[in-house]
Amino acid sequence: MDFKRINEKLEILADAAKYDVSCSSSGSNRKNTYKGLGNSNGMGICHSYTEDGRCVSLLKILLTNHCIFDCAYCVTRKSNDIKRAAFKVQEVVDLTINFYRRNYIEGLFLSSGIFKNADYTMERLIAVAKKLRQEENFNGYIHLKSIPGASDELMREAGLYADRLSVNIEIPTEKGLKLLAPEKDRKDFIKPMEKVKNEIIQYKNEKKLLKKVPIYAPAGQSTQMIVGASGETDAEIMYTSAYFYKSFNLKRVYYSGYVPISNDSRLPTIGSAVPILRENRLYQTDWLLRFYGFDVRELLNKEHPNLESDIDPKLSWALRNLDQFPIDVNKADMRMLLRVPGLGLKSVNKIIKARRYRKLNWENLKSIGASLNRAKYFIVCDSTTFETKDRTSAQLKSIILSNSSSKFSATLSNQLSLFDNPNTLSA
Amino acid sequence: MKTILKYDGSFEGLLSSVFYVYEHKLKEVSIIKEEHYEPNFFDHSITILSEPKKAKRVWQGLSKKISPKAKTKLYKAFLSETLNIENTILYYIRKALSASVSIENDFTDSEILHLEKTVKKVDREKHRMDAFVRFQLTKDGIYFATIEPDFDVLPLNTSHFKSRYADQRWLIYDIKRNYGIFYDLLNVQTITLELSKDIHRGDKASLYFTYEEIEFQKLWFNYFNSSNIGSRKNIKLHIKHIPKRYWKFLTEKKF
């Protein structure tokens, strides 16, 4: 192995792959067979974290950053003047195996720029996965990118070796896509996604009838959207997201705050801040949809096309629906408990278990881990003291904000001072 | 008068102590590791010997009253090595055995909640070791790693590493507690070693590890740095996920 050359390629192709935020290695179930190498099950493991605080679970690289497309938002776009490189199939296999054996990673996440055409690229990605599975008896996690426009036969084959497949739709709206990536068509993204969805359904049906069905993409599909590149509202993003969850049974939608990488006048300029707070609010909304039983229309609609930045989306919803509170934690059903600001999945589970023994009071709730600084305005419990005063949403919001500190307070106060003091703009 | 039971620090020893409590119908009692015991004037202390048979009777007897999951929790709490955790475990056992319904989810009881939280901490440390072990290939072909976990979690890691790395010989050594687990392609066994003092020194690495090993470490180090997005820098979050005390074992933090 020529370590020096490999190192050069690795630096280029890891750097180019880092804007894909997905690094999850969860949701699969692959056992170690015939004393082979590796397994993957359940929740996956984050083996490290980069200085930006993101999990490192997989060896995340591009096969090549040569690309025939010229999407404005993408760092590997054809017109960008950067160093280009390409891995050989065997090189990726060797890197994966050697990193895996040292317990650095859970597996491989392989994506690629598109060279020649979609099928040619997809074939190369599959070749890596196939080699890992068949020649190295590798049972670790493999995430392959579905190349937009790849043929059905190739997508079928990809799912036989990969745990997860993903197509990044990147731009949430069709009009944004037309503006920033005129050569691309939404249909090309959807085609491989549709095929994989159908194959998974077919696999599950056959599994019920037959004993031995070759396993197909056990960790399902995911996608990613770039946030803040094409002027879309939060509602547009989350409605697109809800649509993809529903229509393609996606496991995850990722939201990636746009990192300015280009002087293109269609995009935010280089040096403008990554919208990290907005990204965080979108993830909170995503969680509310997937685990807390909310419908996207409750959280975002015509009257509220954007999420509030200073409070989380659940609190925001509760303040708009004060007529549904307060609820009694000792009686309310799980659905309603999950809607209380300050109660998360874990505390709700504990509350439901613990209240079988006795009625819960404030102290019990606190020791269980509920955030009472928010929750206390929305619940009553086994206690004679509780918030009785009728307050308006605005009053409640200001009380809660003044009694809590956000990890984003620096970002928030910056935003406020910009508006408060117009002079700072000219300074 | 309170009775203090001193045991040898093993899980068997703890269960033997529990046996003793029931055998002698002790009311006011406290269990402590012998090494932590400080004699005092008022209490009466007894040294308990580890007896596999008695320990087994307690452990099997528990199954009648508590779920396998709760039994695992008792073991994990023990591995936390937290001072006084023995008494929380004893409290839990007594309460479970005397109650007519399961007490496992009674989180309004502060002792039960304390046990639950201790188990959470142990689980997290176990998971960290699954993540932070960094094997280095030695010249004699063993994938070797050292760790220094906050709690004695190595016994919990065995099955994960055994099923994942079934085709390579590996050794994970807890340098704080001076024992390790070694897999020889068939079984995992607990071993104790005299480790060379200079095994962690970068300039001595070529004595113990292959040339390829050192090159792969550099590749990983560079990969780690290339995948960071500078404009999203968030050191606080970074350190929350990887507290500094683990850095010395992480290849990506070493060079």
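Criteria and thresholds
- Residues numbered from 1 in each chain as written.
- Chains lettered and ligands numbered in written order.
- Predicted model: local features only at pLDDT ≥ 70, side-chain atom pairs only at ≥ 80, totals over all residues.
- Heavy atoms only, no water.
- Domains from an automatic or database assignment.
- Core = buried A, V, L, I, M, F, W, Y, C linked by side-chain atoms within 4.5 Å.
- Buried < 20%, exposed > 50% of the residue type's maximum accessible area, 1.4 Å probe, protein only.
- Contact = heavy atoms within 4.5 Å.
- Buried area = accessible area lost by both parts, 1.4 Å probe.
- Salt bridge = Lys/Arg side-chain N within 4 Å of Asp/Glu carboxyl O.
- Polar contact = N/O pair within 3.5 Å; in protein donor to acceptor, adjacent residues only side chain to side chain.
- Helix = DSSP H or I, 4+ residues; strand = E, 2+ residues; numbered from the N terminus.
- Nonpolar A, V, L, I, M, F, W, Y, C, P; charged D, E, K, R; others polar.

Some words on the domain arrangement of chain A
By convention, interface size is frequently given as the accessible area that disappears when the constituent parts associate.
Phase 1: As assigned here, chain A comprises domain 1 (3–219) and domain 2 (321–416).
Phase 2: Spacing between the C-alpha centres of domain 1 of chain A and domain 2 of chain A amounts to 41 Å.

A few points about the nonpolar core
Phase 1: Ile61, Phe99 and Phe378 of chain A are the most contacted members of the largest nonpolar core, which has 192 residues in total.
Phase 2: Phe99 of chain A has contacts with Leu10, Leu59, Tyr104 and Ile105 of chain A together with Phe216, Leu219, Trp220 and Tyr223 of chain B, leaving out every residue within four places of it along the chain.

Quick word on the domain arrangement of chain B
All names here are of chain B.
Phase 1: Entries for chain B in the domain assignment read domain 1 (3–124) and domain 2 (133–253).
Phase 2: Look at where the C-alpha atoms of domain 1 and domain 2 centre, and you get two points 33 Å apart.
Phase 3: Listed by partner, the interface residues are seven residues for domain 1 and seven residues for domain 2.
Phase 4: A combined buried area of about 610 Å² lies between domain 1 and domain 2, and 67% of that area is made up of carbon and sulfur atoms.
Phase 5: Of all residues in domain 1, Leu79, Glu81 and Val122 bury the most surface against domain 2, accounting for 61% of the area lost on that side.
Phase 6: At the boundary of domain 1 and domain 2, one finds one salt bridge.
Phase 7: In this structure, the salt-bridge partner of Glu81 is Arg177, at a minimum N-O distance of 3.1 Å.
Phase 8: Here domain 1 is connected to domain 2 by two residue pairs in polar contact (both at pLDDT 80 or more).
Phase 9: Broken down by secondary-structure element, the contributors of at least two residues to the side of domain 1 that touches domain 2 are helix H3 (68–79) and helix H5 (110–132).
Phase 10: With three residues, H3 is the largest single contributor of residues to the side of domain 1 that touches domain 2.

Overview of the pattern of salt bridges
When charged atoms on two side chains of opposite charge get close, those side chains can pair.
Phase 1: Scanning the model with the defined rule gives 43 salt bridges over all chains in all.
Phase 2: Between Glu194 of chain A and Lys197 of chain A there is a salt bridge whose closest N-O contact spans 3.7 Å. Here Glu194 of chain A and its partner Lys197 of chain A are both found in helix H6 (residues 186–209), three residues apart, which amounts to about one turn of the helix.
Phase 3: With relative accessibility at 32%, the residue Glu194 of chain A sits in the partly exposed group.
Phase 4: Ionic contacts of the salt-bridge type, sharing partners, join the residues Arg358 of chain A together with Lys95, Asp106 and Asp109 of chain B into one network.

What about unusual backbone geometry?
Phase 1: Between Phe325 of chain A and the following residue, Pro326 of chain A, the backbone shows a cis peptide bond with an omega angle of -5 degrees.
Phase 2: Mapping Pro326 of chain A onto the fold places it in the loop between helix H10 (313–320) and strand S11 (327–328).
Phase 3: Positive phi is not limited to glycine here, since Glu170 of chain A has a value of about 60 degrees.
Phase 4: Looking at the secondary structure, you find Glu170 of chain A in the loop between strand S8 (164–166) and helix H5 (174–180).
Phase 5: Phi at Lys25 of chain B takes a positive value of approximately 45 degrees, unusual for a residue other than glycine.

Examining the environment of Ala181 of chain A
All names here are of chain A.
Phase 1: With respect to the secondary-structure elements, Ala181 resides in the loop between H5 and H6.
Phase 2: The exposure class of Ala181 is buried, given its relative accessible area of 1%.
Phase 3: In this structure, the C-alpha to C-alpha distance between Ala181 and Pro275, residues 94 residues apart in sequence, is 21 Å.
Phase 4: If we ignore the near neighbours within four places in the chain, the residues touching Ala181 are Cys71 and Tyr73.

Some remarks on the interface of chain A and chain B
Phase 1: Between chain A and chain B, the contact holds 58 residues from the first and 58 residues from the second.
Phase 2: Both faces combined, the contact of chain A with chain B buries some 5,200 Å², and carbon together with sulfur accounts for 55% of it.
Phase 3: Of all residues in chain A, Phe3, Glu51 and Arg102 of chain A give up the largest surface area on contact with chain B, accounting jointly for 15% of the area buried on that side.
Phase 4: At the surface where chain A touches chain B, the tally comes to five salt bridges.
Phase 5: Put simply, Arg102 of chain A and Glu213 of chain B hold a salt bridge, and the shortest N to O gap is 2.7 Å.
Phase 6: Across the contact surface, chain A and chain B share 37 residue pairs in polar contact (both at pLDDT 80 or more).
Phase 7: Contributions of two or more residues to the side of chain A that touches chain B are made by helix H1 (3–17), strand S3 (48–49), strand S5 (58–62), helix H2 (89–101), helix H8 (276–291), helix H12 (345–354) and helix H13 (362–368) of chain A.
Phase 8: Looking at the side of chain A that touches chain B, its residues break down into 27 nonpolar, 16 polar and 15 charged.

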